[in-house]
Amino acid sequence: MPQSLKNLVLNIFFPPACLTCEKGLVKDDKYQLVCGECFVGIPLYNSLFCSICLKRLPPVNGQMSMVKCHDEALYLLAPAANYSDPRIQKLIWQMKYKNWLTAAEPIGDLLTAYCHNLSRNLDLSKYIVVPVPLYPKRELKRGFNQAAILANVIGKRFFLPLEKNNLIRVKDTKTQTDLKDYQAREENLRGAFQITDSAALKNKNIVLVDDVFTSGATLNEAARVLNSAGAKKILALVVARAR
């Protein structure tokens, strides 16, 4: 039976419902997972944050600031939303752990809306996009890299070059969620990433894309490697920050 026919039969006997409020989805709902009311109710940030103290960077002369409050910060954190929002949690969980790629569309739209907020004061055309990679064996098992999918969305919608295979993962690390201590997470990721073409990154501004900022250990290690390759500025764009 063709997949489209299977979906039709399933929709007849099990009408699709919103992932968050569980109300039945209607024909006018744009997404297959979340209703329009729940989606538009997700609050988005409109600024950048320090990747060390996690404070919002204060505006300068009424404009969004890109001035680090800690000189040792390797990147500026750019989260679209906060992970405490249950709608964000469910969308990310369904995509990352349930392999529901239909969640990529609403998540991509959230990232796009947030980037539009940033682009009022930030020229994103001067950036290239780099996804945080998975270890090949893990990506093969999952079937996709969620960061790469989201990076592709941002690259296409803002007409930015995508460096998909330049930052690679060479160490099969333990899952970060199994490690509760930051020092253990940092040690787990040490030496996990490598660059395949430093020349393509030298003096370039980079949008480093991942799904969630939790401890920051993954983004810190990825940014350290990118900086060592000569990257100029790094924005770590994530769907949500968890703290």
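Above: the structure in question.
Below is a short write-up of the structure. (Residues numbered from 1 in each chain as written. Predicted model: local features only at pLDDT ≥ 70, side-chain atom pairs only at ≥ 80, totals over all residues. Heavy atoms only, no water.)

Observations concerning the packing of aromatic side chains
No. 1: Taken as a whole and judged by the stated rule, the model has three aromatic pairs.
No. 2: The interplanar angle of 55° and the centroid separation of 4.7 Å between the aromatic rings of Tyr 31 and Phe 39 together place this pair among those described as tilted.
No. 3: Centroid distance Trp 93 to Tyr 97: 4.4 Å. Interplanar angle 45°. Geometry classified as tilted. Here the residue Trp 93 and the residue Tyr 97 both occupy positions in helix H3 (residues 86–97), the gap between them amounting to four residues, near one helical turn. (Phe/Tyr/Trp six-rings, centres within 6.5 Å; stacked < 30°, edge-to-face > 60°. Helix = DSSP H or I, 4+ residues; strand = E, 2+ residues; numbered from the N terminus.)

Examining unusual backbone geometry
No. 1: Backbone geometry places Glu 22, a non-glycine residue, at a positive phi of 70°.
No. 2: Relative to the assigned elements, Glu 22 resides in the loop between helix H1 (3–13) and helix H2 (36–40).
No. 3: The exposure class of Glu 22 is exposed, given its relative accessible area of 63%. (Buried < 20%, exposed > 50% of the residue type's maximum accessible area, 1.4 Å probe, protein only.)

Considering the nonpolar core
The nonpolar side chains of a soluble globular protein tend to be buried with one another.
No. 1: By size, the foremost hydrophobic cluster in this structure holds 75 residues, and its most contacted members are Leu 48, Ile 206, Leu 208 and Leu 237.
No. 2: Apart from residues no more than four positions distant in its own chain, Leu 48 is found in contact with Lys 55, Arg 56, Leu 57, Met 64, Ser 65, Met 66, Leu 76, Leu 77, Ala 78, Tyr 114, Leu 118 and Leu 235. (Core = buried A, V, L, I, M, F, W, Y, C linked by side-chain atoms within 4.5 Å. Contact = heavy atoms within 4.5 Å.)

Let's talk about the side chain of Gln 146
No. 1: With respect to the helices, strands and loops of the structure, Gln 146 is situated in helix H6 (residues 146–157).
No. 2: A polar atom in the side chain of Gln 146 sits 3.2 Å from the side chain of Asp 211.
No. 3: Setting aside anything within four residues of it in sequence, one finds Gln 146 in contact with Met 95, Lys 96, Leu 134 and Asp 211. (Polar contact = N/O pair within 3.5 Å; in protein donor to acceptor, adjacent residues only side chain to side chain.)

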